[in-house]
Amino acid sequence: MTRIRTRKPAHPGLVFKADVLNPLGLSVTAAAKAMGVSRKHLSLFINGHTACSKELALRIAKATGTSVASWLNMQTRFDVWEVEHADNSRLASVKSLEEVAHAVA
């Protein structure tokens with residue numbers, strides 16, 4: 001049985017800000033410099049305007065002693081929720097491949 005999420009998961013950038021930057025009292029500039037990313041990119045990330053890429057997940061994991069998988073899983077949960085709750089009416093014409101296979105057989 002698949003559990004349907006009703007509450008939107010937190011963007012990993014918001015988690016990074018709340019669980020890492022704020023408790024350590026670090027600025028975006030200082031964290032970006034330490035991780036070797038631009039201040040602009042980190043700012044976009046922590047404000048939920050850009051996704052957590054594999055490279056950024058690797059840098060965050062190394063800088064925080066966490067796992068790459070935890071950051072990528074957060075991003076995946078966020079992305080899945082967004083696509084499941086988006087207007088997907090444009091997909092109404094998509095047919096089941098199994099049905100198509102049976103129709104041509």
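Everything below is about the structure printed above this text.
Residues numbered from 1 in each chain as written. Predicted model: local features only at pLDDT ≥ 70, side-chain atom pairs only at ≥ 80, totals over all residues. Heavy atoms only, no water.

Asker: Any chance you could explain the nonpolar core here in plain terms?
Answerer: Note that soluble globular proteins tend to have their nonpolar side chains buried in a common cluster. Phe16, Leu42, Phe45, Ile46, Ile60 and Trp71 are the most contacted members of the largest nonpolar core, which totals 18 residues. Residues in contact with tryptophan 71, not counting those within four places in the same chain, are Pro12, Val15, Phe16, Cys52, Ala57, Ile60, Ala61, Thr64 and Thr66. (Core = buried A, V, L, I, M, F, W, Y, C linked by side-chain atoms within 4.5 Å. Buried < 20%, exposed > 50% of the residue type's maximum accessible area, 1.4 Å probe, protein only. Contact = heavy atoms within 4.5 Å.)

Asker: What am I meant to see in the packing of helix α1 (residues 12–24) against helix α5 (residues 68–84) here?
Answerer: If you want to describe how two helices pack, look at the angle between their axes and the distance between the axes. Their axes nearest at 9 Å, the elements α1 and α5 cross at an angle of 130 degrees. For the element pair α1 / α5, the angle class is oblique. Across from Pro12, Val15 and Phe16 in α1, the residues of α5 making contact are Trp71, Met74 and Gln75. The class makeup of the residues in the contact of α1 with α5 is 5 nonpolar, 1 polar and no charged. (Axes fitted to C-alpha atoms, helices over the stretch in contact; angles between N-to-C directions. Helix = DSSP H or I, 4+ residues; strand = E, 2+ residues; numbered from the N terminus. Parallel < 35°, antiparallel > 145°, perpendicular 65-115°, else oblique. Nonpolar A, V, L, I, M, F, W, Y, C, P; charged D, E, K, R; others polar.)

Asker: I'm lost on the environment of valine 28 in this one. Help?
Answerer: Here valine 28 shows up in helix α2 (residues 28–35). The exposure class assigned to valine 28 is buried, which follows from its relative accessible area of 16%. The contact partners of valine 28, leaving out residues within four places of it in the chain, are Leu21, Arg39, Leu42, Ser43 and Ile46.

Asker: What is the right way to look at the packing of α1 against helix α3 (residues 39–46) in this model?
Answerer: Packing of α1 against α3 leaves a shortest axis separation of 6 Å and a crossing angle of 100 degrees. By the angle between their axes, α1 is roughly perpendicular relative to α3. Between α1 and α3, the contacting residues are Pro12, Gly13, Leu14, Phe16, Lys17 and Leu21 on the first element and Leu42, Phe45 and Ile46 on the second. Within the contact of α1 with α3, the residues separate by chemical class into 7 nonpolar, 1 polar and 1 charged.

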